[in-house]
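If you want the building blocks of each chain, they are given just below.
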Amino acid sequence: MGCGVCYSDLDLLHGGYSFARFPVVPGHEMAGVAEAVGTGVTEPAVGTAGTPST
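Because the structure is a prediction, the values reported are computed rather than measured.

What counts as what
Residues numbered from 1 in each chain as written. Predicted model: local features only at pLDDT ≥ 70, side-chain atom pairs only at ≥ 80, totals over all residues. Heavy atoms only, no water. Patch = residues over 30% accessible without salt bridge, like charges linked within 9 Å, V, L, I, M, F, W, Y side chains within 5 Å. Areas by Shrake-Rupley, 256 points an atom, 1.4 Å probe, with all protein chains shown as cover. Salt bridge = Lys/Arg side-chain N within 4 Å of Asp/Glu carboxyl O. Helix = DSSP H or I, 4+ residues; strand = E, 2+ residues; numbered from the N terminus. Pairing = 2+ DSSP bridges.

**Q** Would you mind showing me how to read a nonpolar patch on the surface here?
**A** The grouping of V5, Y7, L10, L13, F22 and V24 at the surface amounts to a nonpolar patch, some 590 Å² of accessible area in total. Inspection of the secondary structure assignment puts V24 in the loop between α1 (7–13) and β2 (29–33).

And the structure:
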């Protein structure tokens with residue numbers, strides 16, 4: 001899994017968001033490859049590249 005860090009993340013780390021509480025792990029732009037899936041899971045298949053969505 002790779003994760004990109006954008007300017008929003010940098011603003012957070014530099015105090016740009018007064019509501020932020022540390023510790024925090026920056027990064028929200030991720031991509032990776034499914035290495036395993038749970039019982040009964042049909043998508044994504046192992047080996048599928050993709051990005052998480054909410």
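**Q** Would you explain the sheet that holds strand β1 (residues 2–4) in this entry?
**A** By way of backbone hydrogen bonds, the strands of a sheet pair with one another, either parallel or antiparallel. Taken in spatial order, the three strands of this open sheet run β1-β2-β3, and their pairing is antiparallel. Edge positions in the open sheet fall to β1 and β3 (49–50), since each of these has one partner strand only. With two bridges joining them, β2 and β3 adopt antiparallel strand pairing. Bridge pairing in β3 places G32 opposite G50.

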